[in-house]
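Letter by letter, the chains look like this.
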Amino acid sequence: MPQIRIYKPDANKAKTNDKVWVEIDLNTIEQNVMRGRVVEVLGQANTPKAEQISIIRSFGLVETFEPEVLNCAKAISQEVDIKNFKKRTDFTKQRVITIDGEDARDFDDAIAVERLSNGGYKLYVHIADVSNYVVENSPLDKCAYKRGTSVYFPNMVIPMLPKEISNGICSLNGGVDRYALSCFVTLDKSGTIISSELKKSIINSKVRGVYAELNDILENGENSEFYQKYTPVLDSFYEMMELSNKEGLVSTSDLVKANHGIDVEFDQKMDDPEVYKL
């Protein structure tokens with residue numbers, strides 16, 4: 001592999017041990033040496049900040065949105081249109097809950113469980129209906145297609161769509177009406193799936209659930225400091241617990257505690273990270 005030589009005028013004030021982004025002049029190869037120019041100083045090598053920027057540059061991730069994409073997003077109302085209630089199944093009174101980690105940045109799915117008179121269950125899985133706002137071949141659609149996904153880092157996210165959509169009208173925040181695509185799954189008393197159905201809907205999440213808080217309720221019941229917060233959805237939550245313990249389904253402890261992993265905390269400069277096991 002050719003060596004890359006960077007002369008002082010092309011160093012962009014980079015210092016020893018800095019991690020840099022270099023542009024290579026392919027026309028300057030001579031005796032297995034090519035000339036390079038420092039385009040950007042990412043920071044000191046092996047620091048979280050420099051490594052994060054390095055990943056962003058290496059994969060060509062785009063941190064900003066084009067003006068036409070931002071304009072489309074800003075033109076979208078942050079409230080659902082009441083006229084559409086007749087076109088969708090209304091679940092705004094249902095005991096819906098989102099369940100995510102404490103540091104989750106957006107909420108795109110929610111659940112509810114009802115016990116049926118025959119001893120069976122109906123499980124409702126609600127997914128934010130992004131398609132209601134992202135029209136095919138629109139600037140938003142082309143932007144989402146190009147990015148493919150949101151990319152999450154310990155201290156930030158590069159979203160697939162602008163915040164007005166990802167954190168706004170398409171985030172199933174508690175206490176607000178949102179459009180969703182809903183799957184209703186009917187199960188018998190043993191937990192075996194009998195049927196399922198998909199519909200466009202409107203939901204209103206009653207509680208922003210957190211894994212750690214629900215684990216605390218499982219362990220401490222009414223003595224949990226979080227018990228009152230979950231009062232609006234406790235019946236549904238306990239029905240989830242009951243359903244999850246049915247034969248062939250994942251156990252309750254696995255259902256709620258599957259969030260175990262690693263949490264990384266940084267100071268404001270992204271130095272000296274502290275790592276915690278969840």
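Reading the values: the criteria
Residues numbered from 1 in each chain as written. Predicted model: local features only at pLDDT ≥ 70, side-chain atom pairs only at ≥ 80, totals over all residues. Heavy atoms only, no water. Core = buried A, V, L, I, M, F, W, Y, C linked by side-chain atoms within 4.5 Å. Buried < 20%, exposed > 50% of the residue type's maximum accessible area, 1.4 Å probe, protein only. Helix = DSSP H or I, 4+ residues; strand = E, 2+ residues; numbered from the N terminus. Contact = heavy atoms within 4.5 Å. Patch = residues over 30% accessible without salt bridge, like charges linked within 9 Å, V, L, I, M, F, W, Y side chains within 5 Å. Areas by Shrake-Rupley, 256 points an atom, 1.4 Å probe, with all protein chains shown as cover. Salt bridge = Lys/Arg side-chain N within 4 Å of Asp/Glu carboxyl O. Phe/Tyr/Trp six-rings, centres within 6.5 Å; stacked < 30°, edge-to-face > 60°. Lys NZ or Arg CZ within 6 Å of the ring centre and 35° of its normal. Pairing = 2+ DSSP bridges. Axes fitted to C-alpha atoms, helices over the stretch in contact; angles between N-to-C directions. Parallel < 35°, antiparallel > 145°, perpendicular 65-115°, else oblique. Left-handed = near helix turned anticlockwise from the far one by under 90°. Nonpolar A, V, L, I, M, F, W, Y, C, P; charged D, E, K, R; others polar.

## Brief notes about the nonpolar core
Here is step 1 of the chain: Ranked by internal contacts, the top residues of the largest apolar core, which has 18 residues, are Ile97, Leu214, Ile217, Tyr230 and Phe237.
Here is step 2 of the chain: For this core, the secondary structure elements donating two or more residues are strand E5 (97-100), strand E10 (177-187), strand E12 (207-210), helix H5 (211-220) and helix H6 (234-244).
Here is step 3 of the chain: Considering every element that reaches this core, the biggest residue donor is H6, with five residues.
Here is step 4 of the chain: Once residues lying within four places of it in the same chain are set aside, the contact partners of Ile217 are Ser224, Phe226, Tyr227, Tyr230, Phe237 and Tyr238.
Here is step 5 of the chain: Core analysis: the second largest hydrophobic core is formed by 16 residues, Ile76, Val134, Ile169 and Ile202 among them.

## With respect to a nonpolar patch on the surface
Here is step 1 of the chain: Where nonpolar side chains cluster on the molecular surface, the patch consists of Ile4, Ile6, Ile24 and Leu26 and spans about 350 Å² of accessible area.
Here is step 2 of the chain: Following the sequence through the fold, Ile6 ends up in the loop between strand E1 (3-5) and strand E2 (18-30).

## Section: the packing of aromatic side chains
Here is step 1 of the chain: Summed over the entire model, instances satisfying the criterion amount to five aromatic pairs.
Here is step 2 of the chain: An angle of 45 degrees between the planes, with centres 5.9 Å apart, marks the rings of Phe237 and Tyr238 as tilted.
Here is step 3 of the chain: Look at Phe237 and you get buried, because its relative accessible area is 4%.
Here is step 4 of the chain: For Tyr238, a relative accessible area of 35% gives the class partly exposed.
Here is step 5 of the chain: Taken together, the ring pairs connect Phe91, Tyr124 and Phe184 into an aromatic cluster.
Here is step 6 of the chain: The ring of Phe65 carries Arg147 above its face, with NZ or CZ at 3.9 Å from the centroid.

## Some words on the pairing of strand E11 (residues 193-204)
Here is step 1 of the chain: One ladder, built from three bridges, connects strand E4 (residues 89-91) with E11; its direction is parallel. Each residue of the ladder has a partner; that of Thr89, found in E11, is Ser201.
Here is step 2 of the chain: Sheet topology places E10 next to E11; 11 bridges connect them, and they run antiparallel. The partner of Asp177 across the bridge, within E11, is Asn204.
Here is step 3 of the chain: Two successive antiparallel strands, E10 and E11, enclose a turn made up of five residues, where Gly191 displays a positive phi of approximately 95 degrees.

## Details of the packing of helix H2 (residues 67-74) against helix H3 (residues 139-147)
Here is step 1 of the chain: Here H2 crosses H3 at 120 degrees, and the two axes come no closer than 8 Å. What the angle tells us is that H2 and H3 run oblique. Crossing of H2 against H3: the hand is left-handed. Every residue of H3 that contacts H2 at Glu68, Val69, Cys72 and Ala73 is listed here: Pro139, Leu140 and Cys143.
Here is step 2 of the chain: Each residue belonging to the contact of H2 with H3 can be placed in one class, and the counts come to six nonpolar, no polar and one charged.

## Thoughts on the pattern of salt bridges
Here is step 1 of the chain: Considering all chains together, one arrives at 12 salt bridges under this definition.
Here is step 2 of the chain: A salt bridge links Lys19 to Glu51; the shortest N-O distance between them is 2.9 Å. Taken as a pair, Lys19 in strand E2 and Glu51 in helix H1 (residues 48-58) lie far apart in primary sequence, 32 residues in all.
Here is step 3 of the chain: Classification of Lys19 by relative accessible area gives partly exposed; the value is 26%.
Here is step 4 of the chain: We classify Glu51 as partly exposed; its relative accessible area is 27%.
Here is step 5 of the chain: For Arg115, the salt bridge goes to Glu242, with nearest N and O atoms at 2.4 Å. On the criterion of sequence distance, the pair formed by Arg115 in strand E6 (residues 109-115) and Glu242 in helix H6 is long-range, its members being 127 residues apart.
Here is step 6 of the chain: For Glu242, a relative accessible area of 33% puts it in the partly exposed group.
Here is step 7 of the chain: Linked by salt bridges that have partners in common, Glu40, Arg57 and Glu63 make up one network.

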